[in-house]
Amino acid sequence: MHIVVLSRNSKLYSTSRLTEAIEDAGHEATVLDHLKCDIVSEKDNPCIYYRGTKVAGVDAVIPRIGASVTFYGSAVVRQFEMMKVFTAVESQALVRSRDKLRSLQIMARAGVGMPKTVFTNYSTEVRKIIESVGGPPLIVKLLEGTQGVGVVLAPTFKAAESIIQAFHSMKARVIVQEFIEEAKGEDIRAFVVDGKVVGAMKRKGVEGEFRSNIHRGGSGELVKLTKEERRAALIAARAMGLSVAGVDMLQSERGPLVLEVNSSPGLEGIESATGKNIAGRIISFVERKATEIKNSPRKSQNLTRNA
């Protein structure tokens, strides 16, 4: 089987672990930079060229698309779908997961617990916005922020007003979210593959930091999920349509509260914390699904309807 990893850097931990796991399973691995892929649309003949050479003989694709290149990256994934190639992350699910507001709306509809959140179209009623999430302290997040960038803790009413007004003056779209104090700057990352939680870790921020992102110096340790936490992670991933996902949630007095569902979760932190071969679990899933499609009489995938 020939499995392609879409990644801009073959040396990244997650990319190298996936290629290693592919080869360990006896398959051929290729890393393609999605930004160097050319999409050719033609009746009954969708195809992709990579550095001038037509891409052919691919059985499955594992997208590792960064948030800053979601538009083009998802278009490349969509093209593979049109070529009847199985993708571990569907293009529509990828786009959906990158829209923070849409993600929250989808999860709320699915009954997923989450911190109370407000989004407005640059409303001047800043005081009412602050009061609607329970007052300070509160969190202000850029809709386009990733890995903890663009996330600000406003400890007082005056600080919250200033931060929100400053973002609005720059026409930056933000969401305002209640601060879960009992979480104490910690969160849980549950790694979901094909409807199962295959690993979980608790992430802690550095001293004095309310954000627990490992990219910002935080650390991860093995954690055993409660039934409620496991259920919340699975419902959130399913609602977002993601077969491979990292579900981030807070432990609160009212149960687990989901913050975000990541469509390209990193492997380094979760594998280090759990000691599990998460990359291998992903490849086993991809192998099984790609084989099912290959052996299907119609040899098609429901992904084409999402194009």
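These lines cover the structure that appears in this document, whether it is placed above or below. (Residues numbered from 1 in each chain as written. Predicted model: local features only at pLDDT ≥ 70, side-chain atom pairs only at ≥ 80, totals over all residues. Heavy atoms only, no water.)

1. Considering the overall build of the protein chain
From N to C terminus, the protein chain includes nine helices and 16 strands. Since a compact globule built from 307 residues should have a radius of gyration of about 19 Å, the 20 Å found for the protein chain is in line with a globular shape. Once the C-alpha set of the protein chain is aligned to its principal axes, its extents read approximately 60 × 40 × 35 Å. Buried positions account for 48% of the 307 residues belonging to the protein chain. A separation of at least 24 residues holds for 66% of the contacts in the protein chain among residues at least 6 apart in sequence. With the model as given, the accessible surface of the protein chain reaches about 15,100 Å², and the carbon-plus-sulfur share is 47%. Charge separation in the protein chain, taken as the distance between the mean sites of 44 positive and 34 negative side-chain charges, equals 4 Å. (Helix = DSSP H or I, 4+ residues; strand = E, 2+ residues; numbered from the N terminus. Rg over C-alpha atoms; globule rule 2.2 N^0.38 Å. Buried < 20%, exposed > 50% of the residue type's maximum accessible area, 1.4 Å probe, protein only. Contact = heavy atoms within 4.5 Å. Areas by Shrake-Rupley, 256 points an atom, 1.4 Å probe, with all protein chains shown as cover. Lys, Arg positive; Asp, Glu negative; His and termini not counted. Charge placed at Lys NZ, Arg CZ, Asp CG, Glu CD.)

2. Side note on the packing of helix α2 (residues 70-82) against helix α3 (residues 91-98)
Two elements in contact, α2 and α3, have axes separated by 8 Å at closest approach and are oriented at 160°. Relative to α3, α2 is oriented roughly antiparallel. In this structure, α2 meets α3 at a crossing whose hand is left-handed. Along the contact surface, α2 presents T70, S74, V77, R78 and E81, while α3 presents S91, L94, V95 and R98. A per-class count over the contact of α2 with α3 returns three nonpolar, three polar and three charged. (Axes fitted to C-alpha atoms, helices over the stretch in contact; angles between N-to-C directions. Parallel < 35°, antiparallel > 145°, perpendicular 65-115°, else oblique. Left-handed = near helix turned anticlockwise from the far one by under 90°. Nonpolar A, V, L, I, M, F, W, Y, C, P; charged D, E, K, R; others polar.)

3. Topic: the packing of aromatic side chains
Within a pair of aromatic rings, the relevant descriptors are the distance that separates the centres and the angle that separates the planes. Under the counting rule described, the total for this entry stands at one aromatic pair. Look at F86 and F285: their rings are 5.7 Å apart centre to centre, the planes differ by 80°, and that puts the pair in the edge-to-face class. Of the two residues, F86 sits in strand β7 (residues 86-87) while F285 sits in helix α9 (residues 278-295), which places them 199 residues apart along the sequence. F86 sits in the buried class, given a relative accessible area of 5%. (Phe/Tyr/Trp six-rings, centres within 6.5 Å; stacked < 30°, edge-to-face > 60°.)

4. Some words on the sheet that holds strand β8 (residues 117-119)
Within a sheet, adjacent strands bond to each other through the backbone by hydrogen bonds, running parallel or antiparallel. The four strands are arranged β8-β11-β9-β10 in an open sheet whose pairing can be described as antiparallel. The sheet terminates laterally at β8 and β10 (151-154), the two strands that pair on one side only. On average, each strand axis in the sheet is tilted by 25° relative to the strand beside it, whichever way the strands run. Taken together, the four bridges between strand β9 (residues 138-142) and β10 define a ladder with antiparallel strand orientation. (Pairing = 2+ DSSP bridges.)

Structural measurements only, silent on function.
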